[in-house]
Amino acid sequence: MHVGRLGGKAGQDALIAGDLLHSPLQARYPELGMRAHYDSAEAARSRRRVLERFCDTATLLCPVHFPAPSVGRVTRWEDGFRIG
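Residues numbered from 1 in each chain as written. Predicted model: local features only at pLDDT ≥ 70, side-chain atom pairs only at ≥ 80, totals over all residues. Heavy atoms only, no water.

Asker: When you look at the side chain of R47 in this model, what are you seeing that I'm missing?
Answerer: Structurally, the position occupied by R47 is in helix α2 (residues 40-54). Lacking a salt bridge, the buried R47 has E31 as its closest oppositely charged neighbour, with an N-O distance of 7.4 Å. Here the side chain of R47 touches L32 through a polar contact of 3.1 Å, landing on its backbone oxygen. (Helix = DSSP H or I, 4+ residues; strand = E, 2+ residues; numbered from the N terminus. Buried < 20%, exposed > 50% of the residue type's maximum accessible area, 1.4 Å probe, protein only. Lys, Arg positive; Asp, Glu negative; His and termini not counted. Salt bridge = Lys/Arg side-chain N within 4 Å of Asp/Glu carboxyl O. Polar contact = N/O pair within 3.5 Å; in protein donor to acceptor, adjacent residues only side chain to side chain.)

Structure, rendered in C-alpha cells:
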C-alpha cells in the first residue's frame, strides 16, 4: 500500500483505494463481500485493516468505484466506517 502526496505537500496525503471498496456499503460494513472476491474473508480483513489505519486521519481515501463525489476522509460509524 502506498500513500501519495497531493502536489508533494506534507499533510495532503491520499490513498487511491482501487479494488479495496466496490460500494459505500463496504465502508459501513467492511465484512460485506462480493461475488468477485477470490477470498472473501481475507478481503474483509484487508478492508477493515486499511479503514482502521486511516480512520480519523488527514489522509484522503479515493475509492475508484464509488459514484462522484467519492473522495473523503475515513471516520468511524458505529462498528463500520464512513468516507466523506
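Moving on from the coordinates now.
Asker: Got a minute to help me understand the pairing of strand β4 (residues 72-77) in this structure?
Answerer: Sheet faces and side chains relate simply in a regular strand, where the side chains alternate between the two faces. Strand direction decides the pairing type here: strand β3 (residues 60-62) and β4, joined by two bridges, are antiparallel. Residue pairing for β4: L60 is matched across the bridge by R73. Bridge count for β4 against strand β5 (residues 80-83) is four bridges, and the pairing is antiparallel. Among the inter-strand pairings, V74 is bridged to a residue of β5, identified as I83. Here β4 hands over to β5 after two residues, with E78 in that stretch at a positive phi of 55 degrees. (Pairing = 2+ DSSP bridges.)

Asker: I'm lost on the packing of aromatic side chains in this one. Help?
Answerer: How two aromatic rings sit relative to each other is set out by the distance from centre to centre and by the angle between their planes. For the structure on display, the rule yields zero aromatic pairs. In this arrangement the basic side chain of R28 is found over the ring face of W77, its NZ or CZ atom lying 4.4 Å from the centre. If you follow R82 out to its NZ or CZ, it ends over the ring of W77, 4.1 Å from the centre. (Phe/Tyr/Trp six-rings, centres within 6.5 Å; stacked < 30°, edge-to-face > 60°. Lys NZ or Arg CZ within 6 Å of the ring centre and 35° of its normal.)

Structural measurements only, silent on function.
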